[in-house]
Every structure is written in C-alpha cells, then in structure tokens.
Amino acid sequence: MAATNPGVRSPTPADPTAISFESVSKTYPTRSEAVSALDGVSFRIDKGTTVAVVGPSGSGKTTLLNMAAGLDFPTSGSVKVAGILTSELQREPLQKFRNETVGVVFQQFFLIDHLSVFQNVSVPLIPREVSSREKSKRILDAIAKVGLANKADRLPSELSGGELQRVAIARGLVGDASVILADEPTGNLDSKKGSEIVDLLVAESREHKKTVLIATHDLRVLDHVDGVIRLEDGRLSKIEGTGISA
Ligand SMILES: Nc1ncnc2c1ncn2[C@@H]1O[C@H](COP(=O)(O)OP(=O)(O)O)[C@@H](O)[C@H]1O
Ligand SMILES: [Mg+2]
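Position numbers for residues count from 1 along each chain, tracking the sequence in the order it is written. Written order determines the labels here, with chains lettered from A and ligands numbered from 1. Whole-chain, interface and lining totals are the exception, using all residues; otherwise, since this is a predicted model, local features are given only for residues with pLDDT of at least 70 and side-chain atom pairs are given and counted only at 80 or more.

A. Fine view of unusual backbone geometry. Phi is positive for Phe110, close to 55°, though the residue is something other than glycine. Locating Phe110 in the fold gives a position in the loop between strand 6 (102-105) and helix 3 (117-122). One non-glycine residue, Glu184, lies in the positive phi region at around 50°. In this text, helices come from DSSP runs of H or I with a minimum length of four residues, and strands from runs of E with a minimum of two, each type numbered from the N-terminal end. Of note, Glu184 is situated in the loop between strand 7 (179-183) and helix 6 (191-208).

Pasting the structure below:
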C-alpha cells in the first residue's frame with residue numbers, strides 16, 4: 001500500500017477490510033475455573049458483507065460480537081474494526097467507537113422501560129452533534145424501516161416480543177454506523193417475522209454498503225447472507241462464502 005501511496009499516512013482508504021480478528025482468545029476467570037470463550041479465532045470480513053456467526057449455545061458467538069463492538073477485549077490477539085485497533089482506544093475514543101463506528105442489537109434488547117419507542121431509538125444519537133430536527137428525522141426513518149411507524153409513542157411494556165426486537169434493531173440502525181452487530185435478532189420471532197428481520201438487515205447492507213454480523217443458531221439465516229463463520233467450543237471450525245477469509 002505504501003508503495004502505491006507514497007507519503008499518505010492516513011489509514012489506507014482503499015483497505016477493503018471492515019473487521020479483522022487475529023488469533024483472538026478470550027478467557028473468563030470464574031470461581032472454579034478459567035472458561036475459554038474464544039480460542040485462536042482469526043478471520044477477515046470485507047466491507048459491505050453480511051456474515052452469520054453460527055454455533056451452538058455457549059460456542060462464543062456473543063463473546064465474538066462483544067469484541068467487535070468494543071464492549072469486551074481479547075485476552076490475547078487483536079481485533080480491528082473499520083481500521084481501528086479496539087484495544088488501543090482510550091476512554092473517549094472508545095465511547096465514540098461504540099457510539100458511531102458500530103451499531104449494536106443486543107440479544108436482551110436492553111430497552112429502557114419508561115421511555116417510548118421514539119425515545120429508546122434516540123439514545124445513540126444523544127451525544128451526536130446534529131440538529132434536533134435532523135435527529136427526529138433519523139429516528140422516525142429508523143422506526144419506519146422496522147415497520148413500527150404507528151407505534152413510536154408506545155412504551156416497551158405495550159409491545160409484543162417481536163416488536164421489542166424491532167425497536168432494538170431500529171436503535172442499532174439509527175446511528176448509521178458502517179458496522180452492524182446483531183446478536184440473535186430472530187430469537188424471539190416466528191420464522192416469517194424472523195426472515196423479515198434478516199432481510200431488513202441484509203437490505204441495509206446492500207443499500208448502504210454496511211457490514212453486518214448476525215450471531216444466530218437459526219440456520220435459516222444462512223440462506224440470506226454472503227458468508228458464514230462457524231464456531232464450536234470457542235474455536236473457529238469453518239469459514240464459508242464470499243467477502244470473508246481466514
Ligand atoms: N462473563 C463471563 N464469565 C464467565 N464465562 C463466560 C462469560 N461470558 C461468557 N462466558 C462463557 O463463555 C462461553 C461462550 O459464551 P457466549 O459467547 O455467550 O456463547 P454463545 O453466545 O454462543 O451462546 C460459554 O461457555 C459461557 O458460559
Ligand atoms: Mg449468545
């Protein structure tokens with residue numbers, strides 16, 4: 001890269017990689033033993049690719065997503081997202097990374113009970129320096145995208161499980177991050193609604209060239225994505241598809 005771009009010091013703009021894991025291991029100490037949640041996991045995902053992370057419960061999917069989100073860090077190895085080495089981020093850049101570089105859809109939603117759908121979806125935009133009119137527009141767009149335009153004023157307690165899931169997805173999309181990380185986004189949905197959600201995430205990737213990682217044990221997701229990472233007991237057992245390599 002340096003040879004073709006002499007003197008250019010900014011991160012290589014032509015780098016096609018959105019996410020890379022290099023020999024990532026994660027060990028959690030517990031009272032009885034050290035649990036190895038990830039063990040020597042390496043892969044590279046190109047920008048604009050949709051990838052499913054599959055494996056049985058306990059295989060390390062959430063741990064992998066949390067690392068890509070900058071919510072957790074490797075015990076050894078390195079994680080790079082959008083050219084940023086997460087372990088090198090200090091407090092403020094780390095907040096900015098979590099807020100702007102990645103959009104996260106949590107397995108347990110983490111919606112705030114006393115806030116409306118609109119207010120919950122607005123949360124990632126709070127620290128952004130954008131006019132309130134522009135914020136409102138983005139929030140309403142994200143809510144409409146997940147099909148909840150007529151329920152923006154509801155509280156979480158007034159929604160079904162599937163609707164809560166969609167609010168969590170709208171909140172993950174509203175910040176317009178280049179990397180979307182969704183943990184079991186179809187977990188609470190029947191198969192028709194589940195595939196609608198996956199189609200929505202895939203469309204977001206196709207239309208806006210976003211990189212989307214979907215952790216799931218729902219094998220139907222595999223029909224919709226470009227690539228697959230298979231985990232077994234924290235180890236990468238297989239990589240398949242396009243836009244992804246070992
Ligand atoms: N904070 C933690 N402390 C101890 N063990 C953990 C912690 N988080 C995850 N684990 C363990 O790491 C392994 C992988 O967990 P996880 O990433 O949640 O898997 P998955 O999302 O595929 O179900 C499991 O054995 C789990 O019990
Ligand atoms: Mg999980």
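B. Structural view of helix 4 (residues 132-145). Here the expected length of a helix is defined as 1.5 Å per residue gap, with one fewer gap than residues. With 14 residues, helix 4 extends 20 Å between its outermost C-alpha atoms, agreeing within 8% with the 20 Å of an ideal straight helix rising 1.5 Å per residue. The exposure label follows from counting other C-beta atoms within 10 Å of a residue's C-beta, where the C-beta atoms are placed from the backbone and the thresholds are 20 or more for buried and 12 or fewer for exposed, leaving partly exposed in between. For helix 4, the complete set of buried residues consists of Arg138, Ile139, Ala142 and Ile143. Considered in projection along helix 4, the buried side chains sweep an arc of 130° and stay on one side of the axis. The exposed residues of helix 4 that point more than 90 degrees off its buried face are Arg133, Glu134 and Lys137. For every residue pair, C-beta atoms are placed from the backbone, and the pair is scored as a contact if these atoms sit within 7 Å. Looking at the buried side of helix 4, the elements it contacts are helix 3 and helix 5 (161-173). Positive backbone phi, at 80°, marks Gly147, one or two positions downstream of helix 4. By construction, the arc corresponds to the directions joining the helix axis to the C-beta atoms.

C. Just the sheet that holds strand 4 (residues 76-81), in detail. Two strands are counted as paired when DSSP detects at least two bridges linking them. The strand order across the open sheet formed by five strands is 5-4-1-2-11, and the pairing between neighbours is antiparallel. Each having just a single partner strand, strand 5 (84-85) and strand 11 (244-245) make up the two edges of the open sheet. Note on method: axes are straight lines fitted to C-alpha atoms, helices fitted across the in-contact stretch only, with angles between N-to-C directions ranging 0 to 180 degrees. Helix 1 (residues 61-68) rests against strand 1 (17-29), strand 2 (34-46) and strand 4 of the sheet, and its axis sits at about 60° to strand 2.

D. Region of the structure containing the sheet that holds strand 3 (residues 50-54). Pairing in this open sheet of six strands is mixed, and the strands run 6-7-8-3-9-10 from one edge to the other. Two strands bound the open sheet, and with one partner strand each, they are strand 6 and strand 10 (235-241). Within this sheet the neighbouring strands show an average axis-to-axis angle of 15°, counted without direction. Here five bridges tie strand 7 to strand 8 (residues 211-216), and the two strands are oriented parallel to one another. Paired with Ile180 across the two strands is Val212, which belongs to strand 8. Against the sheet, helix 1 engages strand 3, strand 6, strand 7, strand 8 and strand 9 (227-232), with an angle of about 155° to strand 8. With respect to the sheet, helix 6 is in contact with strand 3, strand 7 and strand 8, its orientation differing from that of strand 8 by roughly 160°.

E. Representation of the site of ligand 1 in the model. In this entry, near means the residue's backbone-placed C-beta atom lies within 6 Å of the molecule or strand. In the vicinity of ligand 1, the contacting residues are Tyr28, Thr30, Val35, Ala37, Gly55, Ser57, Gly58, Ser59, Gly60, Lys61, Thr62 and Thr63. Of all elements in the fold, only strand 2 and helix 1 reach the threshold of two or more residues within the shell around ligand 1. The dominant element in the shell around ligand 1, judged by the number of residues it contributes, is helix 1, at three residues. Note on residue categories: nonpolar means Ala, Val, Leu, Ile, Met, Phe, Trp, Tyr, Cys or Pro, charged means Asp, Glu, Lys or Arg, and polar means any other residue, Gly included. For the shell around ligand 1, the residue count by class is three nonpolar, eight polar and one charged.

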